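Below are the chains, spelled out letter by letter.
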Amino acid sequence: MQIGILALQGAVREHARHIEICGHTPKLIKRIEDLDGIEGLVLPGGESTTMRRLMDLYGFTEVLRESDLPMYGTCAGLILLAENIVGYEEGHLNKMNITVERNSFGRQVDSFEADLDVLGIENHVNAIFIRAPHIVAVGDNVEVLSEVEGRIVAVRQDNHLGISFHPELTNDIKIMNYFIEEIIMKNAH
Ligand code: GLN
């Protein structure tokens, strides 16, 4: 199965490696036409404002807003999926009924690592947080999968998965595997 990674900016190769380890084929998505043939789309970490500018420039914002592809966003990718962003007037792709706050784990502790319990996944997930957002509110149709320090850091809504941290920077492929097996395969469209 081909799984796309939005490859405009950010941690693209790391996700490609995880997709390969899971036994599937990563496809780097740089133009709208590249979306053909993929079964799901990963929105990587990076800088959400930069990604939004590039998504507008290449026409992705409109196309992805309309798309019913399963999507999995990490960190900046989570921000792209959210309907509401604290301090901003509008969301980017508006896929998930959640409110996120950017860079919300405090300046002095910009980065940290933790072992998390994630609903639906056996064993701890090794998580690296880098200037991470967290989810401050969720709608009724959103399932909270994990929290750290009382803050929501992993959510699922239908065929969308939003994660505050960076599974792709570790060797822990459990979240990618969850996206592929629990979301893409079970929601086969
Ligand atoms: N701070 C970034 C943003 O707000 C996200 C950081 C990341 O993706 N590692 O877009």
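The structure we're discussing is the one just above.
Each value, and the rule that gives it
Residues numbered from 1 in each chain as written. Predicted model: local features only at pLDDT ≥ 70, side-chain atom pairs only at ≥ 80, totals over all residues. Heavy atoms only, no water. Near = heavy atom within 4 Å. Polar contact = N/O pair within 3.5 Å; in protein donor to acceptor, adjacent residues only side chain to side chain. Areas by Shrake-Rupley, 256 points an atom, 1.4 Å probe, with all protein chains shown as cover. Nonpolar A, V, L, I, M, F, W, Y, C, P; charged D, E, K, R; others polar. Helix = DSSP H or I, 4+ residues; strand = E, 2+ residues; numbered from the N terminus. Buried < 20%, exposed > 50% of the residue type's maximum accessible area, 1.4 Å probe, protein only. Arc of directions from axis to C-beta. Contact = heavy atoms within 4.5 Å.

Participant: It is not clear to me how the site of the ligand should be interpreted in this structure. Could you clarify?
Facilitator: Within the structure, the ligand sits among Gly45, Gly46, Glu47, Ser48, Cys75, Ala76, Ile79, Arg102, Asn103, Ile130, Arg131 and His166. Here an oxygen atom of the ligand sits 2.6 Å away from a polar atom, N or O, in the side chain of arginine 102. Here a nitrogen atom of the ligand and a backbone polar atom of arginine 131 are 3.1 Å apart. Here the ligand loses 95% of its free accessible area of 300 Å² to cover by the protein chains. Of the residues belonging to the shell around the ligand, the class tally is 4 nonpolar, 5 polar and 3 charged.

Participant: Whenever I open this one, unusual backbone geometry confuses me. Can you help?
Facilitator: Generally, phi is negative for residues other than glycine and the peptide bonds are trans, each holding for most cases. A positive phi angle, close to 45 degrees, is found at asparagine 103, a residue other than glycine. By secondary structure assignment, the location of asparagine 103 is in the loop between strand E6 (96–101) and strand E7 (111–116). The backbone of glutamate 149 shows a phi angle near 50 degrees, a positive value even though the residue is not glycine.

Participant: Help me understand helix H2 (residues 48–57), please; the structure alone is not making it clear to me.
Facilitator: Since the α-helix turns once every 3.6 residues, residues separated by three or four places project in the same direction. Those residues of H2 lying buried are Ser48, Met51, Arg52 and Met55. All buried residues of H2 project into a common sector of 100 degrees when viewed along the axis, lining one side. Seen from the buried face of H2, the exposed residues on the opposite side, beyond 90 degrees, are Arg53 and Leu57. Its buried side turned inward, H2 meets strand E1 (2–6), helix H3 (60–66) and helix H4 (76–81). Glycine 59 sits one or two residues past H2 and shows a positive phi near 85 degrees.

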